[in-house]
Amino acid sequence: DIIEQLKEINPTKDASRGIDGEYVDGDVPLRAIWRMVWTSAFDVVSLGASPIAGPSAIYQDISNPPIATNIIDFIPRAQTFFPTSIIPPSLLRAEVTTRASPRKNMPNRVGLIFESVKLQPIEFLGQKVDNLPALNVDFTWPRSLVEQVAQYVPALESMMDGDENADALG
């Protein structure tokens, strides 16, 4: 498998170092803006399943760890088949804000907790529309509610503290 071969020659043995924002010497190998050129991750691959629009570019901005912002530009499907003289360009940008953390015992893997999504129209039929209001969805309020309830439910409190011995609810 080519991924395993690439893994063997990777010169960065602890790529997730400092991704949680707790870095001492400022050495954070993933701090940058990255363009995704290939993935097998189902959540990303499934973005292309819509018959209406599909991703045209996907970036990840990790310039301020632990915040990692996924930037996904969507264009209408028809735009991929015809020149702009027939179908003027349209673009919708999604910014998915996540909180990154290293995965335990996996120094080259990063876990992400979704915090918010912002959908911003950028262009519609060749006209700039980035002055239109964005649609913002905040995912942090349910966690805040669970944290408040957790102080009264021991099993929840253990899970919130990351206790590996805590049993899952249910």
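To start, this report covers the structure provided alongside it. Quantities reported herein were computed from a predicted structural model and do not represent experimental measurements.

A word on the overall build of the protein
Piece 1. On a plain count of helices and strands, the protein comes out with five helices and seven strands.
Piece 2. Going residue by residue from the N terminus, the α and β elements of the protein occur as α-β-α-β-β-α-β-β-β-β-α-α.
Piece 3. A burial count over the protein gives 22% of its 170 residues as buried.
Piece 4. Here the contacts in the protein between residues at least 6 apart in sequence split such that 43% fall between residues at least 24 apart.
Piece 5. About 11,900 Å² of surface is accessible on the protein, with carbon and sulfur atoms providing 59% of the total.

Considering a nonpolar patch on the surface
Piece 1. On the surface, Ile 2, Ile 3, Leu 6, Ile 9, Val 37 and Trp 38 cluster together into a nonpolar patch covering about 710 Å² of accessible area.
Piece 2. Exposure remark for Ile 9: the relative accessible area of 65% places this residue in the exposed category.

With respect to the environment of Ile 113
Piece 1. With respect to the helices and strands, Ile 113 occurs in strand 5 (residues 106-124).
Piece 2. A relative accessible area of 43% places Ile 113 in the partly exposed class.
Piece 3. Remark: the alpha-carbon pair of Ile 113 and Arg 99, spanning 14 residues in sequence, is separated by 5.1 Å.

Focus on the nonpolar core
Across soluble globular proteins, nonpolar side chains show a tendency to be buried alongside one another.
Piece 1. Counting residues in hydrophobic clusters, the biggest one holds seven residues: Val 44, Ile 58, Ile 72, Phe 74, Ala 94, Val 96 and Val 117.
Piece 2. Secondary structure elements with two or more residues in this core: strand 3 (67-76) and strand 4 (91-103).

Some thoughts on the layout of surface pockets
Piece 1. Here the largest pocket defines a volume of roughly 2,000 Å³.
Piece 2. Trp 38, Thr 39, Gln 60, Asn 108 and Arg 109 are, among the 43 residues lining the largest pocket, the residues nearest its centre.
Piece 3. Put simply, the parts of the chain that give the lining of the largest pocket at least two residues each are helix 1 (2-9), strand 1 (33-35), helix 2 (42-45), strand 2 (53-64), strand 3, strand 4 and strand 5.
Piece 4. When the residues that make up the lining of the largest pocket are grouped by side-chain class, the tally is 28 nonpolar, eight polar and seven charged.

A word on the pairing of strand 2
Piece 1. The pairing of strand 1 with strand 2 spans three bridges and is antiparallel. For Arg 35, the partnering residue across the bridge sits in strand 2 and is Tyr 59.
Piece 2. Across nine bridges, the pairing between strand 2 and strand 3 is antiparallel. If you follow Asp 61 over to strand 3, its bridge partner there is Thr 69.
Piece 3. The antiparallel pairing of strand 2 with strand 3 creates a hairpin that spans two residues between the two strands.

Focus: the side chain of Thr 69
Piece 1. Looking at where Thr 69 falls in the secondary structure, it is placed in strand 3.
Piece 2. Residue contacts for Thr 69: discarding those within four places in its chain leaves Tyr 59, Gln 60, Asp 61, Glu 95, Val 96 and Thr 97.

Side note on the pattern of salt bridges
Piece 1. A full pass over the atoms with the stated rule returns three salt bridges.
Piece 2. Here Arg 93 and Asp 73 are joined by a salt bridge, their closest N and O atoms 2.6 Å apart. Note that Arg 93 is positioned in strand 4 and Asp 73 in strand 3, a separation of 20 residues in sequence.
Piece 3. Between Glu 115 and Arg 99 there is a salt bridge; the shortest N-O distance is 2.7 Å. Here Glu 115 is found in strand 5, whereas its partner Arg 99 is found in strand 4, with 16 residues between them in sequence.
Piece 4. The exposure class assigned to Arg 99 is partly exposed, which follows from its relative accessible area of 35%.

Cut-off values and rules
- Residues numbered from 1 in each chain as written.
- Predicted model: local features only at pLDDT ≥ 70, side-chain atom pairs only at ≥ 80, totals over all residues.
- Heavy atoms only, no water.
- Helix = DSSP H or I, 4+ residues; strand = E, 2+ residues; numbered from the N terminus.
- Buried < 20%, exposed > 50% of the residue type's maximum accessible area, 1.4 Å probe, protein only.
- Contact = heavy atoms within 4.5 Å.
- Areas by Shrake-Rupley, 256 points an atom, 1.4 Å probe, with all protein chains shown as cover.
- Patch = residues over 30% accessible without salt bridge, like charges linked within 9 Å, V, L, I, M, F, W, Y side chains within 5 Å.
- Salt bridge = Lys/Arg side-chain N within 4 Å of Asp/Glu carboxyl O.
- Core = buried A, V, L, I, M, F, W, Y, C linked by side-chain atoms within 4.5 Å.
- 1 Å grid on protein atoms, 1.4 Å probe; cavity = no way out; pocket = protein on both sides within 12 Å on 5 of 7 lines; lining within 4 Å.
- Points joined across faces, edges and corners; volume = space filled by probe spheres on them.
- Nonpolar A, V, L, I, M, F, W, Y, C, P; charged D, E, K, R; others polar.
- Pairing = 2+ DSSP bridges.

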